[in-house]
Amino acid sequence: MAMQFYTNIDQIMRDRSELARKGISRGRSAVALTYTGGVLFVAENLSSSLHKISEIYDRIGFAAVGRYNEFENLRRAGVRMADLNGLSYDRRDVTGLALANAYAQTLGAIFSDQQKPFEVEICVAEVGATPADDQIYRLAYDGSVNDEPGFMAMGGQAEAIANVLKGAHKSDMSLADAVKLAVKALSSVGGEGGAARTIAANQLEVAILDRARRGRTFRRLTGKVLTDLLNGNGAAATSSSPAKPADTEAADTAADSKDTPKPPAKGPDKPTSSAGSADLE
Amino acid sequence: MAAGFDPSGRLPDVFTNAGTSSFTQFLSQAAPELLPGRRPLPPGSAASLAPHATTIVAITAAEGVIMAGDRRATMGNMIASRDIEKVHPADEYSLVGIAGTAGVGIELMRLFQVELEHYEKIEGAMLSLDGKANRLAAMIRGNLGAAMQGLAVVPLFAGYDLSANDPARAGRIFSYDVTGGPYEERGYDAIGSGSIFANAALKKRFRAGLSIEEATRLAVEALYDAADDDTATGGPDLTRRIFPVVMTATAEGTHRLTDDETAAIANAVVSARMENPGG
C-alpha cells in the first residue's frame, strides 16, 4: 500500500474545486430564464443527440454543462427519482426542490468523498402557475445550491453571460424576446479578443417548459420554429397574450414535420396522455 | 424513499448506475415492494376479495384505433362500482384497458404508464408499439403467481404504430392471457366477462376501414350487447348519466371522448334498441 502523507483538507478541497472549475469553464455555456409562457432553456451544443437539456418530469426540466458522462448520470438519477416518487405518491408531489436537494446531497457527497469531483454544473427548473412561481435552482460541482431570481447562466464565463441577462431580463417577456436575449447573452462571450460572436441555430439546443400545458410541459424547439424565433419572424405568433400558447402550436407543427416520433399537437386544455396524470386527477 | 438509507445523503448507487432504461427493472432493485408480482400471498384463493373490472372492446379504424370500456366493477353478485374507468392512455399513442382484479389492474396500468414514459425520458425516444406490447406482456407474466390465486389481470393494449408503412394498418390491437402473450388481433377484440357477447357482436358488424365515428358507435353497440347478456357488464346508465369510456389513438395522439359525446352515442344506441332490441 502506498504511504499516506498528511495533506491539509483545505488544500484538497481547493485542488478539487480548481479541477472542477477548469473542467466546467472549458465547455460551452447554458442559460435558463423565465418568460411569460414558461421557462426557457438555451444551451450551446454542437450535437443534436447528446442533449444538455432534458425533461425530468411534468413541470421540471434539467440543464447541465460540463462532462457529458457525469451529468448524464445525474440526469438519469433524477428521472428515476422523479418517476419513483410520482408512482409512490402522486404526480403533483414531485417537486423541483426535492430534486435539487437530492442533487445537492449527491454532488456534495461526491465532492468530499471521491478522488475526483464531478466537473458539472446543473440547473433544475420548475415551471409554476405564474412567472413569480417559477423556480430555478443552480447546483455547483460541490453541492452548493442557489435559488436563482428568474434567470441563470452556467458554464465557462457564466458571470459575463449572467450580466447580459441581468440587464435585460423581464419575467413578462415573450418567447421570441427570451430566445433572442438568451442567444445574445451566450454569444456575448467567446469571440475574438472577448468580443461578441454569432451562434448559428443548429448549434443551439433550445427547450421550454410550457406554462399553459397540462401534464408534461417540456418541449424542444427545433428547426423552423427556432430559426423563426431567432430571426424575429416568430414574433407574430409568440407576442400574443400569455394565456394563448401560440408558440406551442407552432412548435408542434415543427415537431410533426420531423421523422422522429414526437408528442402530438395538443391544445392547451387537453390533458396529458401519459402516466395517468390526466384521467386519474 | 430509498435515498434515506445512505448515510451521506446522496442518491444510492441504484439511481446512478448506467444499467437499464426500464423502470420496472429499476424498481426491482430500488423498491421491489412496489412491484405487484413481488408480494408473497398467503395460500388459498383470493378471488372473492376484490372487485372485478369487466368488459373492454377495441376496434381498428382507418385513422387509428379506438378502445371502449363499460363502467361496472363487480364483487360476486354485487355491483362494486358503477363508474370505474378501465380504459386509460398508456402514453401519447397507445391505450390500455384492464379486466380482472381491479386493484391489481390499476396498479399494473399505472406502472406500465410510468414504464413507457420513463423509457422515453431516459432514451430520448419512444418505444416501438411492439416493444410496448412486449413490456406489458412481461409485466403480466410477473403477476402469474397472484393470478393463480385468483388475482388475475388481463389487459387489452391498442395503439397507433408510428412506424407502420401503411397508415390504414397503423392501428393495432394486442391481447394477452394470464401467462403473458401478446397476441396481435386483426381488426377487433374484446376482453373481460362480457367479451364473448361483445366479440360475437363485433364479428357480425366489423369491417376493415371503418371511420372513427363508425368504430365508436360499433364499440358502444358491442358493449350494449355484452351488458344485455352478462350481468357483470354495465350498459349505458341513462338515469345517472354514466356512459362508457371511449378513447381513440390516431396520428394526432390519444384522445378521450367527452362525456357529452359518449352520451350522444349511447343515447342513439339505446333509442335504436328501443325499435329493435337485438340491434
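Going by an unreviewed UniProt entry, chain B carries the name Proteasome subunit beta and comes from Asanoa hainanensis. In its Catalytic activity (unreviewed entry) section, the UniProt record describing chain B reads: "Cleavage of peptide bonds with very broad specificity." According to the UniProt record, the Function (unreviewed entry) comment for chain B reads "Component of the proteasome core, a large protease complex with broad specificity involved in protein degradation."

The name given to chain A in an unreviewed UniProt entry is Proteasome subunit alpha, with Asanoa hainanensis as the source organism. Recorded under Function (unreviewed entry), the UniProt text for chain A is reproduced unchanged: "Component of the proteasome core, a large protease complex with broad specificity involved in protein degradation." Recorded in UniProt for chain A, the comment headed Subcellular location (unreviewed entry) runs: "Cytoplasm".

## Here we look at helix H8 (residues 259-275) of chain B
Along an α-helix, residues three or four positions apart point the same way, because every turn accommodates 3.6 residues. Taking 1.5 Å of rise per residue, 17 residues should cover 24 Å, and H8 of chain B covers 25 Å from first to last C-alpha, within 8% of that figure. Contacts from the buried residues of H8 of chain B go to helix H7 (212-229) and strand E12 (245-250) of chain B.

## Quick word on the packing of helix H2 (residues 68-88) of chain A against helix H3 (residues 102-123) of chain B
Between H2 of chain A and H3 of chain B, the shortest axis-to-axis distance is 11 Å and the interhelical angle comes to 165°. In terms of axis orientation, H2 of chain A runs roughly antiparallel to H3 of chain B. Between H2 of chain A and H3 of chain B lies a crossing whose hand is right-handed. When H2 of chain A is examined against H3 of chain B, the residues Glu72, Arg75, Arg76, Val79, Arg80, Asp83, Gly86 and Leu87 of chain A are found in contact with a partner set consisting of Arg110, Leu111, Val114, Glu117, His118, Lys121, Ile122 and Glu123 of chain B. The class makeup of the residues in the contact of H2 of chain A with H3 of chain B is five nonpolar, two polar and nine charged.

## Focus on the pattern of salt bridges
Residues and elements named next belong to chain A. Per the counting criterion, the structure on display carries 34 salt bridges over all chains. Across the pair Glu72 and Arg76 runs a salt bridge whose closest N-O atoms are separated by 3.5 Å. One end of the pair is Glu72 and the other is Arg76, both in helix H2 and four residues apart, which spans about a single turn. Assessed through its relative accessible area of 13%, Glu72 is described here as buried.

## Describing the interface of chain B and chain A
For an interface, size is often stated in terms of accessible area lost upon the parts coming together. Each partner contributes to the interface: chain B provides 43 residues, whereas chain A provides 40 residues. Note on chain B versus chain A: buried area summed over both sides is about 3600 Å², and carbon and sulfur give 55% of it. Taken as a group, Arg10, Glu92 and Lys121 of chain B account for 19% of the area that chain B buries against chain A, more than any other trio of residues on that side. Counting every contact that joins chain B to chain A gives four salt bridges. Taken together, chain B and chain A are joined by 14 residue pairs in polar contact (both at pLDDT 80 or more). Mapped by element, the contributors of at least two residues to the side of chain B that touches chain A are helix H1 (13-16), helix H2 (23-30), strand E6 (87-91), H3 and strand E13 (253-256) of chain B. With ten residues, the single largest contributor to the side of chain B that touches chain A is H3 of chain B. Residues of the side of chain B that touches chain A, tallied by class, amount to 19 nonpolar, 13 polar and eleven charged.

What counts and how
- Residues numbered from 1 in each chain as written.
- Chains lettered and ligands numbered in written order.
- Predicted model: local features only at pLDDT ≥ 70, side-chain atom pairs only at ≥ 80, totals over all residues.
- Heavy atoms only, no water.
- UniProt positions renumbered as here; feature names shortened; annotations may be inferred.
- Helix = DSSP H or I, 4+ residues; strand = E, 2+ residues; numbered from the N terminus.
- Expected span 1.5 Å × (residues − 1).
- Contact = heavy atoms within 4.5 Å.
- Axes fitted to C-alpha atoms, helices over the stretch in contact; angles between N-to-C directions.
- Parallel < 35°, antiparallel > 145°, perpendicular 65-115°, else oblique.
- Left-handed = near helix turned anticlockwise from the far one by under 90°.
- Nonpolar A, V, L, I, M, F, W, Y, C, P; charged D, E, K, R; others polar.
- Salt bridge = Lys/Arg side-chain N within 4 Å of Asp/Glu carboxyl O.
- Buried < 20%, exposed > 50% of the residue type's maximum accessible area, 1.4 Å probe, protein only.
- Buried area = accessible area lost by both parts, 1.4 Å probe.
- Polar contact = N/O pair within 3.5 Å; in protein donor to acceptor, adjacent residues only side chain to side chain.

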